[in-house]
Amino acid sequence: VQEIEELLAQLTFKWSKSLNKKTGVFCWRCSDRGLYEHLKEHCYTEKYRQQLFSTGRAQKLGAHCKKIPDYCRSWGKSDLVSLLGTAIDGDGHRSNSKDGEHFRAYYATTSHDLADGIQEIAIKCGFWAKKSPVIRMKSDHHAGGIVVGISFTRNSTLISTRYKET
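Residues numbered from 1 in each chain as written. Predicted model: local features only at pLDDT ≥ 70, side-chain atom pairs only at ≥ 80, totals over all residues. Heavy atoms only, no water.

Considering the overall build of the chain
Test applied: Helix and strand definitions here come from DSSP, where helices need a minimum of 4 consecutive H or I residues and strands a minimum of 2 consecutive E residues; each element is numbered from the N-terminal end. The rule is simple: take the accessible area with a 1.4 Å probe, protein chains only, and divide by the maximum for that residue type; under 20% is buried, over 50% is exposed, in between is partly exposed. For this analysis, residues touch if any pair of their heavy atoms sits within 4.5 Å.
Along its length, the chain carries five helices and six strands. Element order for the chain, N to C, with α for helix and β for strand: α-β-β-α-α-α-β-β-α-β-β. The proportion of buried residues among the 166 residues of the chain is 32%. Residue pairs in contact within the chain that sit at least 24 positions apart in sequence constitute 49% of those at least 6 positions apart.

What follows is the structure in structure tokens.
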């Protein structure tokens, strides 16, 4: 908790913290208008922004309208690897092979534009990446979605410190 609060304190966004008394879990919320405007401008597709501006509100548009911000495409490899690893930590899964040399990561999304961006970043980082439709689902959360499968070896630039040898 302290480490999270120290990191949040370095940002210019306004944060609030609450505690769920039933679960004992802390939740941090950002209520900063500047962050909202930034995300609206850079992290949603043009279709979403056009509807938002024409109606003043989004109508059933959301996760499936997300994308990787255009400015991220010019980042260096180490920043792209960090972005990719963070995305997988949030909406993905990793698995190791039996030989301990090959690894796979999966990223699931309902946004075709976001899947394209994740695949592009993975390829720019030198990984193999393939998009596939979501076939099996535990819930309807990713219904009609895409999974980006990413393969890499121990000799590749690591997506996460999770694979560093101890």
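Things to note about the nonpolar core
We apply this condition: We call a set of buried residues a nonpolar core when its members are Ala, Val, Leu, Ile, Met, Phe, Trp, Tyr or Cys and they connect through side-chain atoms within 4.5 Å of each other.
Within the largest apolar cluster, 22 residues are counted, with the highest numbers of intra-cluster contacts made by Leu84, Ile118, Phe127, Val148 and Ile150. Elements supplying a minimum of two residues to this core: α4 (77-91), β4 (102-109), α5 (112-124) and β6 (146-153).

Focus on the packing of α4 against α5
The condition that has to hold: Helix axes are fitted only over the stretch in contact, all axes being lines through C-alpha atoms; the angle between N-to-C directions runs from 0 to 180 degrees. Angle categories are assigned with fixed cut-offs, so that under 35 degrees is roughly parallel, over 145 is roughly antiparallel, 65 to 115 is roughly perpendicular, and the rest are oblique. Crossings are sorted by hand: turned counterclockwise from the far helix by less than a right angle, the near helix makes the crossing left-handed, and turned clockwise it makes it right-handed. Under this grouping Gly is polar, as are all residues other than the nonpolar Ala, Val, Leu, Ile, Met, Phe, Trp, Tyr, Cys and Pro and the charged Asp, Glu, Lys and Arg.
Where α4 meets α5, the closest approach of the two axes is 9 Å, and the angle between their N-to-C directions is 135 degrees. Between α4 and α5, the angle falls in the class oblique. Judged by the twist between their axes, the crossing of α4 over α5 is left-handed. From α4, Leu80, Leu83, Leu84 and Ala87 reach across to α5, where they touch Ile118, Ile121, Ala122 and Lys124. Split by residue class, the contact of α4 with α5 holds seven nonpolar, no polar and one charged.

As for a nonpolar patch on the surface
For clarity, the threshold we go by: Patch membership needs two things, relative accessible area over 30% and no salt bridge, and members are linked within 9 Å if like-charged or within 5 Å if nonpolar (Val, Leu, Ile, Met, Phe, Trp, Tyr). Note on areas: Shrake-Rupley with a 1.4 Å probe; residue coverage comes only from the protein chains shown. Within this document, salt bridges are pairs made up of a side-chain nitrogen of Lys or Arg and a carboxyl oxygen of Asp or Glu, the two lying within 4 Å of each other.
Together, Val1, Leu19 and Phe26 make up an exposed nonpolar region whose accessible area comes to about 250 Å². Inspection of the secondary structure puts Leu19 in strand β1 (residues 15-20). For Leu19, a relative accessible area of 44% corresponds to the partly exposed category.

Re the environment of Val148
Of note, Val148 is situated in strand β6. What makes Val148 buried here is its relative accessible area of 0%. Taking C-alpha positions, Val148 is 8.7 Å from Pro133, a pair spaced 15 residues apart along the chain. Excluding anything up to four places from it in sequence, Val148 contacts Ala105, Tyr106, Tyr107, Ala115, Ile118, Gln119, Ala129, Lys130 and Lys131.

Topic: the packing of aromatic side chains
The condition that has to hold: Two rings from Phe, Tyr or Trp (for Trp, the six-membered ring) form a pair when their centres sit within 6.5 Å of each other. Planes less than 30 degrees apart are called stacked, planes more than 60 degrees apart edge-to-face, and all others tilted. Any Lys NZ or Arg CZ found within 6 Å of a ring centre and within 35 degrees of that ring's normal is scored as a charge over the ring.
The tally for this structure, following the rule as stated, stands at two aromatic pairs. A centroid spacing of 6.1 Å and a plane angle of 35 degrees characterise the contact between Phe26 and Trp28, whose relative ring orientation is tilted. A relative accessible area of 23% means that Trp28 is categorised as partly exposed. Aromatic side chains Tyr71 and Trp75 sit 6.3 Å apart centroid to centroid with 45 degrees between the ring planes, which places their arrangement in the tilted category. The cationic tip of Lys17 hangs over the ring face of Phe26; the distance from NZ or CZ to the ring centre is 4.5 Å.

Here's the deal with the confidence of the model for the chain
The cut-off we apply is this: The predictor rates its confidence in each residue with pLDDT, a number between 0 and 100.
Residue-level pLDDT values for the chain average 78, and 78% of them are 70 or greater. Per-element averaging of pLDDT across the chain places helix α3 (residues 46-55) at the bottom with 68 and α5 at the top with 93. Under a pLDDT of 50 for its full length, residues 158-166 has, in the predicted model, 22 contacts with residues more than four places off or in other chains.

Looking at the pairing of β1
Going by this rule: Two strands form a pair only when DSSP identifies at least two bridges running between them.
When β1 meets strand β2 (residues 25-30), the two strands line up antiparallel, connected through six bridges. Of the residues in β2, the one forming a bridge with Lys17 is Trp28. Counting the residues that bridge the hairpin from β1 to β2 gives four residues, and of these Gly24 lies at a positive phi of roughly 75 degrees.

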